[in-house]
Amino acid sequence: MSNNEDLFRKVIAHAKEYGFVFQSSEIYDGLSAVYDYGQNGVELKNNIRDYWWRSMVQHYENIVGIDSAIFMHPTIWKASGHVDAFSDPMIDNKDSKKRYRADVLVEDYVAKLEAKIQKEVTKAAKRFGDTFDEGKYLTTNPRVLGYREKIEKIKARLYKVMDDENLTDIRKLIEELEIACPVSGSRNWTEVRQFNLMFSTQFGSLSEDTSIIYLRPETAQGIFVNYLNVMKTGRMKIPFGIAQVGKAFRNEIVARQFIFRMREFEQMEMQFFVRPGEELKWFEYWKDQRLRWHYAMDIPKEKYRLYEHEKLAHYANAASDIEFEFPFGFKELEGIHSRTDFDLDAHQEYSGKKLQYFDPDLNKSYVPYVVETSIGLDRTFLAIISYGYKEEKLEDGSERVVMCIAPFLAPIKAAVLPLVNKDGLPEKAREIMDILKFDYMCQYEEKDSIGRRYRRQDAIGTPYCITVDHQTLEDNTVTIRERDSMKQDRIGIDKISNIIKERLKVNK
Ligand code: GAP
């Protein structure tokens, strides 16, 4: 097992042991790719959602929020293209019985070639030392050029077969590249077939008036179909945004990697309505803003990277992903898409209602263009806990596991701990708890030794432990222990609240 796999396994086990994430329906052996959030998980999740909402809705005067229903008119999904095109080309390996996305198998093959180029670069850099010119090497070394040429050829073919939806040729490409199943190692593949990812259910109680409706696969369409309502009732002027957080459902075929790819998940999406022709300027603006939002969570910048899409969806004229380095590699965390007027145009056509905006500065009406920011709440949660999980060796030779989560996101902000469970200390600690709990999520704990209680709080990321001892009864002071440094200070009870408040500020 690689170090990263080992780390990921530990993060998953820790998430369960400390009440962050449980497998759904666990006592019935679980439901695949569906998860529940426990007592600490729900706090962290609420805090991430709240941070997003405050950053997007509260801080921007021209962005407002909505909360649209999960059930929507089925024609919406026809108009959006999801009924016809929200599907993945899947291929099964006959020996392992595992199912894969056919295009991802090819992309993984390309990623291996790219890793080979990187290996050549690392080797050459070592060989040539300070005189090494990476740019020149990449454009002149015959082996690198060979790999590059192969990559370009494969990509061009992949994009073409995907655009043409030519399932036979995708399979041919997999065969020609001699791609083997990562599990069985065999090349015994089935045909490639399209699978639609939307869940459907019956709407209506009598069989004669029931119709099939879908569980929304994205929250964005709820925003588009409310664009006119919000624009008119909110007297919104372009450019303006509508934000929403809510559940989305996708019948993911390749569901794995814990809460990275779930069948029921939560999205935080914002659609920004702009003048046609100005969308690429706003696209750049939102890429920058969203990266800043991520960096403010006390996670190093190197953990993020931008991936610019070469192959664009039919509705987009630019698209970027903010990728995060999860324990299983860099993967998409957020998408920023310039969606043109595709969605509003389609809803105009299918609903027969005009969805235009009258621009008083230009004195004309038009269908606005849209730049979207779309981030998975669960994926953000996974990014935070997988980066935050740290095993530390301490000076005295002992070890601790600490969740280094930005304090403003931590599930519990302070733990109030009587040193011993007697001599009036619990009563004094309860007095402090009763003051703090109205402002912060706090926990009172009196069981076990103080050392074990500190460890438990470290493991869930609590920034402060406040210990009440015998001196507290004499002079109203407590010790306050900081999570990361483990430093303890003696302070007056009246100072606690301000110290916590200061630490909870978002680091912008
Ligand atoms: N409205 C655009 C949209 O839905 P997307 O790239 O399909 O775009 C946006 O999804 C984000 O939603 C992704 O970047 C990811 O964070 C999250 N997401 C998508 N599918 C997911 C899944 N099956 N499980 C967890 N999160 C998912």
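Rules used in this analysis
- Residues numbered from 1 in each chain as written.
- Predicted model: local features only at pLDDT ≥ 70, side-chain atom pairs only at ≥ 80, totals over all residues.
- Heavy atoms only, no water.
- Helix = DSSP H or I, 4+ residues; strand = E, 2+ residues; numbered from the N terminus.
- Buried < 20%, exposed > 50% of the residue type's maximum accessible area, 1.4 Å probe, protein only.
- Pairing = 2+ DSSP bridges.
- Axes fitted to C-alpha atoms, helices over the stretch in contact; angles between N-to-C directions.
- Contact = heavy atoms within 4.5 Å.
- Near = heavy atom within 4 Å.
- Polar contact = N/O pair within 3.5 Å; in protein donor to acceptor, adjacent residues only side chain to side chain.
- Areas by Shrake-Rupley, 256 points an atom, 1.4 Å probe, with all protein chains shown as cover.
- Expected span 1.5 Å × (residues − 1).
- Parallel < 35°, antiparallel > 145°, perpendicular 65-115°, else oblique.
- Left-handed = near helix turned anticlockwise from the far one by under 90°.
- Nonpolar A, V, L, I, M, F, W, Y, C, P; charged D, E, K, R; others polar.
- Phe/Tyr/Trp six-rings, centres within 6.5 Å; stacked < 30°, edge-to-face > 60°.
- Lys NZ or Arg CZ within 6 Å of the ring centre and 35° of its normal.

J.: Mind showing me how you'd approach unusual backbone geometry here?
T.: The general pattern is negative phi for most residues beyond glycine and trans for most peptide bonds. Cis peptide bonds are those with omega within 30 degrees of zero, and the linkage from Ile 238 to Pro 239 qualifies with 5°. Checked against the element boundaries, Pro 239 lands in the loop between helix H10 (227-233) and strand E9 (240-249). The backbone of Glu 178 shows a phi angle near 55°, a positive value even though the residue is not glycine. Relative to the assigned elements, Glu 178 resides in the loop between helix H8 (167-176) and strand E6 (193-196). Its relative accessible area of 53% is what places Glu 178 among the exposed residues. Residues other than glycine seldom take positive phi values, yet Met 486 does so here, at roughly 65°. Taking the relative accessible area as the measure of exposure, Met 486 reaches 25% and is therefore partly exposed.

J.: Sorry, what's going on with the sheet that holds strand E10 (residues 264-274) here?
T.: Each strand in a sheet pairs with its neighbour through backbone hydrogen bonds, running either in the same direction (parallel) or in the opposite one (antiparallel). Pairing within the open sheet is mixed, and its seven strands lie in the order E3-E9-E10-E16-E13-E12-E11. The strands lining the two open edges of the sheet, one partner per strand, are strand E3 (63-65) and strand E11 (304-308). Ignoring strand direction, the axes of neighbouring strands in this sheet form an average angle of 25°. The pairing of E3 with E9 spans three bridges and is parallel. Opposite Val 64, over in E9, you have Ile 242 as the bridge partner. Lying on the sheet, helix H13 (residues 377-388) is in contact with E10, strand E12 (318-326), strand E13 (329-340) and strand E16 (369-376); it crosses E12 at an angle near 35°.

J.: Sorry if this is basic, but what is going on with the sheet that holds E6 here?
T.: Spatial strand order, E5-E4-E6: three strands in an open sheet with antiparallel pairing. In this open sheet, the two strands that pair with only one neighbour each are strand E5 (99-101) and E6. Neighbour to neighbour, the strand axes of the sheet diverge by 45° on average, direction disregarded. Bridge count between strand E4 (residues 87-92) and E5: three bridges; the pairing is antiparallel. Across the sheet, Asp 92 pairs through a bridge with Arg 99, a residue of E5. Across the sheet, H8 is in contact with E4 and E6; its angle to E4 comes to roughly 45°.

J.: Honestly, the site of the ligand in this entry has me stumped. Any pointers?
T.: The environment of the ligand is made up of 20 residues, and the closest members are Glu 218, Met 262, Glu 269, Glu 332 and Leu 333. Met 262 has a polar backbone atom sitting 2.8 Å from a nitrogen atom of the ligand. Leu 333 has a polar backbone atom sitting 2.8 Å from an oxygen atom of the ligand. In isolation the ligand offers 550 Å² of accessible surface; the protein chains occlude 92% of this area. Counting residues per element, the ones that place at least two in the shell around the ligand are E10, E13 and E16.

J.: Quick question: what am I supposed to make of helix H2 (residues 39-58) here?
T.: Every α-helical turn comprises 3.6 residues, leaving residues that sit three or four positions apart pointing alike. Along its 20 residues, H2 runs 27 Å from first to last C-alpha, staying within 8% of the 28 Å computed at 1.5 Å per residue. Among the residues of H2, Asn 40, Gly 41, Glu 43, Leu 44, Lys 45, Asn 47, Ile 48, Tyr 51, Trp 52, Ser 55, Met 56 and Val 57 are the ones counted as buried.

J.: Hey, could you run me through the packing of H2 against H13 in this one?
T.: Helix-helix packing is described using two parameters, namely the angle between the two axes and the distance between the axes. Packing of H2 against H13 leaves a shortest axis separation of 10 Å and a crossing angle of 110°. On the basis of their axis angle, the class for H2 and H13 is roughly perpendicular. As for how H2 packs across H13, the hand of that crossing is right-handed. Here H2 contributes Gly 41, Leu 44, Lys 45, Ile 48 and Arg 49 to the contact with H13, which in turn contributes Leu 377, Asp 378, Thr 380, Phe 381, Ile 384 and Ile 385. Tallied by class, residues from the contact of H2 with H13 come to six nonpolar, two polar and three charged.

J.: I'm lost on the packing of aromatic side chains in this one. Help?
T.: The relative placement of two aromatic rings is captured by the distance of their centres and the angle of their planes. Taken as a whole and assessed by the stated rule, the structure comprises 28 aromatic pairs. Plain terms: the ring middles of Tyr 60 and Trp 286 are 5.1 Å apart, the flat faces sit at 50° to each other, and that makes the pair tilted. Of the two residues, Tyr 60 is situated in the loop between H2 and E3 and Trp 286 in helix H11 (residues 279-295); the sequence distance between them amounts to 226 residues. By the burial criterion, Tyr 60 is buried, and Trp 286 matches it. For the pair Trp 282 and Tyr 285, a centre-to-centre distance of 5.3 Å together with 80° between the ring planes defines the contact as edge-to-face. Residue Trp 282 and its partner Tyr 285 are located together in helix H11, separated by three residues, close to a single helical turn. We classify Trp 282 as buried; its relative accessible area is 16%. Judged by relative accessible area, which is 29%, Tyr 285 ranks as partly exposed. Among the aromatic residues, those joined into a cluster by ring pairs are Phe 8, Phe 260, Tyr 295, Tyr 304, Phe 324, Phe 326 and Phe 328. Above the face of the Phe 260 ring, Arg 379 is positioned so that its terminal group lies 3.7 Å from the ring centre.

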